[in-house]
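# Architecture and fold: a report
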Amino acid sequence: FVFLISWFVAAGIANVFEAILDTVFLCAFQDMDQNSPPLYLSDSMRKALGVDSADKEAGKSANYYVKTSERHQRAGNHGKVPAQADAEPPADAAPAGSAV
């Protein structure tokens, strides 16, 4: 009987701890998504998530992982997707109307 009660108490404590960790990570990722650079991350959390070293590690491919809206804003489109009418299709694209 004591074992059963202790099992439920331990499971409850583990669930609370899991909810705390999920909340901390969700808040950190939300901060990284909305603010560049993140405003509310502590120094230890920045180091643990590798926020400051990410650009250095990514090197030239860092722009590939930037959100699309931010890429358009950097290009001067201010979040607007450019018109596709003047865009060239890829060289290996099938001609229009053909079955793939």
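Within any chain, residue numbers begin from 1 and follow the written order of that chain's sequence. With the structure being a predicted model, the display of local features is reserved for residues of pLDDT at least 70 and the display and counting of side-chain atom pairs for 80 or more, all residues being used for whole-chain, interface and lining totals. The side-chain values count all of the structure's non-hydrogen atoms but skip hydrogen atoms and water molecules.

Along its length, the chain carries four helices and zero strands. Runs of H or I in DSSP of at least four residues are treated as helices and runs of E of at least two as strands, each being numbered from the N terminus. Ordered by position from the N terminus, the helices and strands of the chain form the series α-α-α-α. The buried label applies to any residue whose accessible area, calculated with a 1.4 Å probe on protein chains only, is under 20% of its type's maximum; exposed applies above 50%, and partly exposed to all values in between. Across the 100 residues in the chain, those meeting the buried criterion constitute 10%. Residue contacts are defined here by distance: any two heavy atoms, one from each residue, within 4.5 Å place the two residues in contact. The contacts of the chain with a sequence gap of at least 6 include a subset with a gap of at least 24, amounting to 8%. Each accessible area value is a Shrake-Rupley result obtained with a 1.4 Å probe; residue values ignore everything except the protein chains displayed when judging cover. Accessible surface, the chain as shown: approximately 8800 Å² in total, 62% of it carbon and sulfur.

Below, the discussion takes up the packing of aromatic side chains. When we look at a pair of aromatic rings, we describe it by the centre distance and by the angle of the planes. Aromatic pairs are defined between Phe, Tyr and Trp rings, using the six-membered ring for Trp, whenever the two ring centres lie within 6.5 Å; interplanar angles under 30 degrees are classed as stacked, those over 60 as edge-to-face, and all others as tilted. Applying the stated criterion to the full structure yields two aromatic pairs. When the ring of Phe-3 is compared with that of Trp-7, the centres are 6.3 Å apart and the planes differ by 40°; the resulting orientation is tilted. Linking Phe-3 with Trp-7, this pair stays in helix 1 (residues 2-34), spanning four residues, or about one helical turn. For Trp-7, a relative accessible area of 54% translates into the label exposed. Between Phe-25 and Phe-29 the ring centres are 6.1 Å apart and the planes differ by 25°, which places this aromatic pair in the stacked class. Taken together, the residues Phe-25 and Phe-29, both in helix 1 and four residues apart, mark about one turn of the helix. Owing to a relative accessible area of 42%, Phe-29 belongs among the partly exposed residues under this scheme.

On to the side chain of Arg-46. Note on placement: Arg-46 falls in helix 2 (residues 43-49). Residues contacting Arg-46, with those up to four places away along its chain left out, are Pro-37, Pro-38, Leu-41, Val-51 and Asp-52.

Here we come to the confidence of the model for the chain. Values of pLDDT, which run from 0 to 100, indicate the predictor's confidence residue by residue. Of all residues in the chain, 59% attain a pLDDT of 70 or more, and the chain-wide mean is 76. Taking the mean pLDDT of every element in the chain, the minimum, 68, falls on helix 4 (residues 68-74) and the maximum, 94, on helix 1.

A few words on the side chain of Asp-31. In this structure, Asp-31 sits in helix 1. In this charge count, Lys and Arg are treated as positive and Asp and Glu as negative; neither His nor the chain ends contribute. The salt bridge definition used is simple: a Lys or Arg side-chain nitrogen within 4 Å of an Asp or Glu carboxyl oxygen. There is no salt bridge for the buried Asp-31, and the closest opposite charge comes from Arg-46, which lies 6.3 Å off by N-O distance. As used in this structure description, the phrase polar contact means that two N or O atoms lie within 3.5 Å; if the pair is within protein, one of them must be able to donate a hydrogen and the other to accept it, and residues adjacent in sequence are counted only when both atoms belong to side chains. A polar side-chain atom of Asp-31 sits 3.3 Å from the main-chain amide nitrogen of Leu-41. Asp-31 has contacts with Pro-38, Leu-39, Tyr-40 and Leu-41, leaving out every residue within four places of it along the chain.

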